[in-house]
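The primary structure of each chain is shown beneath.
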Amino acid sequence: VKCKWVFEIKRNGKFRARLVACGYSQIPGVDFTENYSPVIHDISARILIIIMIIFGLQGKLVDVETAFLYGDLEEEVYMDCPEGMVDIKEDETLLPKSTIYGLVQSARQYYKKATSILKDLGFTGGTVDPCLFYRETEKGKVYFGLYVDDNLLIGDPPAIEEAIQGLKEKGLVLKIDDNLNDYLSCDIRFSDEKDRAWIGQPHLIANLQDKFGEKENKLRKYVTPGTPSLSIVHNPLQEVSISKEDHALYRSGVGMLLYLVKYSRPDIANPVRELSKVLDSPTPASFKEMLRVIKYVLDTKEYGLRVHPTKAKDEYWELVCFCDSDYAGDPDSRRSVTGYVLYVKGVPVCWKSKAQRSVTLSSTEAEWIALSEAVKEIIFVLQLLESLGIKVNLPITVRVDNTGAIFMAKNINTTSGTKHVDVRTKYVNEYCEDGVIKIIVVESADNDDDIFTKNLGQEIHNKHSSQLISTKNQAV
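Residues numbered from 1 in each chain as written. Predicted model: local features only at pLDDT ≥ 70, side-chain atom pairs only at ≥ 80, totals over all residues. Heavy atoms only, no water.

(A) Inspection of the overall build of the protein chain at higher detail. Within the protein chain, the regular secondary structure consists of 12 helices and 21 strands. Taken against the 2.2 N^0.38 rule, which gives 23 Å for 476 residues, the C-alpha radius of gyration of the protein chain at 25 Å falls within 12% of a compact globule. Counting only residues that meet the buried cut, the protein chain has 50% of its 476 residues in that class. A separation of at least 24 residues holds for 72% of the contacts in the protein chain among residues at least 6 apart in sequence. Accessible area of the protein chain: about 22800 Å², with a carbon and sulfur share of 50%. Taken as two groups, the 59 positive and 68 negative side-chain charges of the protein chain have centres that lie 2 Å from each other. (Helix = DSSP H or I, 4+ residues; strand = E, 2+ residues; numbered from the N terminus. Rg over C-alpha atoms; globule rule 2.2 N^0.38 Å. Buried < 20%, exposed > 50% of the residue type's maximum accessible area, 1.4 Å probe, protein only. Contact = heavy atoms within 4.5 Å. Areas by Shrake-Rupley, 256 points an atom, 1.4 Å probe, with all protein chains shown as cover. Lys, Arg positive; Asp, Glu negative; His and termini not counted. Charge placed at Lys NZ, Arg CZ, Asp CG, Glu CD.)

Pasting the structure below:
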């Protein structure tokens, strides 16, 4: 494979030069076989922050310098000599003994190396979330979240120092940061009492400002991210289209907004889902709607994820889920929208606004599909907490505003409207019968999940978003 030098000025002003291999020329099955490398789930990262607050633990960011150079290269790969290398002959090449940046398998091999080191140090885990590990010694407990070379350590100070020392003894060169203000491009701030936190993405919002500031400045201030009750429709014939430059801007803007939704701004999840429906053929109207969402984000840039856990030192943690659907909400496909939000100790840890994969025949069926999706997430979080030694109060309450879905949870029937809903029915029924979940009714006006299924007016939007986001001042 060929190689090249890559030069970069980092955000902190430092200059960096890195020699990378041109992995695009590698042949699958010859130069590599597997290339998948997991990273810590965003749900797991939020749970670690909650654990840090509840148990009064310390947090550190541990960056492994030149991480991809630690992986063991299992295949025989040859690389051209880099530009600037002296005393080489024309036909000489290099045989790397370890992975190098640019090789397709580098991330996977580093992950294997990192997990092997952690297990040698006595860490357990990696079953529910393959990048979340836990260890408890006489010096205390420590949790380790692995995201390529950016690692989040949460634990008792002596236990953290012990873990860091163990990593150094294994030959890793580490850079330690006591501030969690640049983890996965997120800024994590804590109150003086360390009893609540705020998670925002100021770097990403600044990029939005740089890219779209000139366009969004022409718009008036909006009180909601999306036009109430709006559902964007496709433009299959492309009768009305936008320029190639605006099309590229549209895709870039929606991608940046999706990353905001993923980590810190669940309040804009449904408007961004609407925008993502027409990535292939946006119209001037959908482009304007995207600018509206960006304008709202920039006007509310002080807001981030609200991390205010209930501090009660209960032995069993409380989980509450809100679930909803918007029946046949897509005018084009008549598919319904699934929405749910799961709170752990009062903190939203996972949320979803997503079109369902098939057309449903009733609002009850649409609600049931949304419910089954929510239950899958609940079971993941339940298993994750149990793997960390945290007990959960059962049954877990799931609040829905459809009595038909609640009836289906308690009764397996074969009426004409439900006999075709087979697998999902049995999946949810089993967890209800085992006492893992309990489905109860909630008034539509009090369903926090309403914000994930439709664009709302100001009053209802503010009511539901106040449970999800807060300003930095409200946290610190």
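Having seen the model, we can carry on.
(B) Main features of the sheet that holds strand S17 (residues 347–355). Strands sit in the order S17-S16-S15-S19-S20 across an open sheet of five strands; the sheet is mixed. The outermost strands of the open sheet, each flanked by one partner alone, are S17 and strand S20 (437–441). Across the sheet, the mean angle from the axis of one strand to that of its neighbour is 20 degrees, orientation sign disregarded. Sheet topology note: the strand S19 (residues 396–400)/S20 ladder contains five bridges and is parallel. Residue pairing in the sheet places Val400 in a bridge with Val441 of S20. Strands strand S16 (337–344) and S17 of the sheet are contacted by helix H1 (residues 42–54), whose axis makes an angle of about 160 degrees with S17. (Pairing = 2+ DSSP bridges. Axes fitted to C-alpha atoms, helices over the stretch in contact; angles between N-to-C directions.)

(C) Local environment of the pairing of strand S7 (residues 132–137). In terms of strand pairing, strand S6 (residues 124–125) meets S7 through two bridges, oriented antiparallel. When the sheet's bridge partners are listed, Gly125 is paired in S7 with Phe133. Linkage of S6 to S7, two consecutive antiparallel strands, is achieved through a turn of six residues, within which Gly126 is found at a positive phi near 80 degrees. Hairpin geometry of S7 and strand S8 (residues 140–147) is characterised by an intervening segment of two residues between the two adjacent antiparallel strands.

(D) Unusual backbone geometry, seen in detail. At the junction of Leu394 and Pro395, the peptide bond is cis and its omega measures out at 0 degrees in the coordinates. The phi torsion at Thr66 lies on the positive side, around 50 degrees, for a residue other than glycine. Note that Thr66 resides in the loop between strand S3 (58–64) and strand S4 (79–80). On the basis of relative accessible area, Thr66 is assigned to the partly exposed category, the value being 38%. In this model, Val148 sits at a positive phi of 55 degrees, which is unusual for a non-glycine residue. Mapped onto the secondary structure, Val148 falls in the loop between S8 and strand S9 (150–155). For Val148, a relative accessible area of 26% gives the class partly exposed.

(E) Spotlight on the environment of Ala206. Turning to its location among the elements, Ala206 is positioned in helix H4 (residues 202–216). Since its relative accessible area comes to 37%, Ala206 is described here as partly exposed. C-alpha separation for the pair Ala206 and Ile54, spaced 152 residues apart in sequence, amounts to 32 Å.

(F) Main features of the packing of aromatic side chains. In total, this model carries eight aromatic pairs according to the counting rule given. Centre to centre, the rings of Phe123 and Phe144 are 6.0 Å apart; their planes meet at 70 degrees, and the pair counts as edge-to-face. In this pair, Phe123 sits in the loop between helix H2 (106–120) and S6 while Phe144 sits in strand S8, placing the two residues 21 residues apart along the sequence. A residue is classified by how much of its surface remains accessible, and Phe144, at 4% relative accessible area, is buried. (Phe/Tyr/Trp six-rings, centres within 6.5 Å; stacked < 30°, edge-to-face > 60°.)

(G) Region of the structure containing the pattern of salt bridges. Throughout the structure, instances matching the rule amount to 23 salt bridges. A salt bridge links Asp42 to Lys262, with the nearest nitrogen and oxygen atoms 3.3 Å apart. One end of the pair, Asp42, is in helix H1; the other, Lys262, is in helix H5 (residues 244–263), with 220 residues separating them in the sequence. Residue Lys262 is classed as partly exposed on the basis of its relative accessible area of 36%. Overlapping salt bridges bring together Arg273, Glu274, Lys277 and Asp330 as one network. (Salt bridge = Lys/Arg side-chain N within 4 Å of Asp/Glu carboxyl O.)

(H) Summary view of the sheet that holds strand S13 (residues 303–307). Judged by pairing direction, the sheet is antiparallel, and its four strands sit side by side in the order S11-S12-S13-S21 without closing on themselves. Strands at the two margins of the open sheet, each flanked by one partner only, are strand S11 (187–190) and strand S21 (469–471). Neighbour-to-neighbour, the strand axes of this sheet turn through a mean angle of 40 degrees, independent of strand direction.

(I) Structural view of the nonpolar core. If you look at the biggest cluster of nonpolar residues, it comprises 132 residues, and the most contacted ones within it are Leu257, Met290, Val381, Ile437 and Ile439. If one sorts the elements of this core by residue count, helix H8 (residues 363–387) sits on top with 12 residues. Discounting chain neighbours no more than four positions away, the residues touching Val381 are Ile43, Ile47, Leu319, Leu342, Val344 and Cys350. Core analysis: the second largest hydrophobic core is formed by eight residues, Leu19, Leu73, Ile100 and Leu103 among them. (Core = buried A, V, L, I, M, F, W, Y, C linked by side-chain atoms within 4.5 Å.)

(J) Summary view of helix H7 (residues 284–299). Across its 16 residues, H7 extends 22 Å between first and last C-alpha, which sits within 8% of the 22 Å expected from 1.5 Å per residue. Burial analysis of H7 places 12 of its 16 residues in the buried class, which makes it a mostly covered element. Every buried residue belonging to H7 is among Ser286, Phe287, Glu289, Met290, Leu291, Arg292, Val293, Ile294, Lys295, Tyr296, Val297 and Leu298, and all of these are buried. (Expected span 1.5 Å × (residues − 1).)

(K) Quick look at the packing of helix H6 (residues 269–276) against H7. Two numbers describe how H6 lies on H7: the axes approach to 10 Å, and their chain directions differ by 155 degrees. Considered as vectors, H6 and H7 are oriented roughly antiparallel to each other. In the crossing of H6 with H7, the sense of the turn from one axis to the other is left-handed. The residues of H7 that touch H6, namely those facing Pro271, Val272 and Leu275, are Ser286, Glu289, Met290 and Val293. When grouped by side-chain class, the residues that make up the contact of H6 with H7 number five nonpolar, one polar and one charged. (Parallel < 35°, antiparallel > 145°, perpendicular 65-115°, else oblique. Left-handed = near helix turned anticlockwise from the far one by under 90°. Nonpolar A, V, L, I, M, F, W, Y, C, P; charged D, E, K, R; others polar.)

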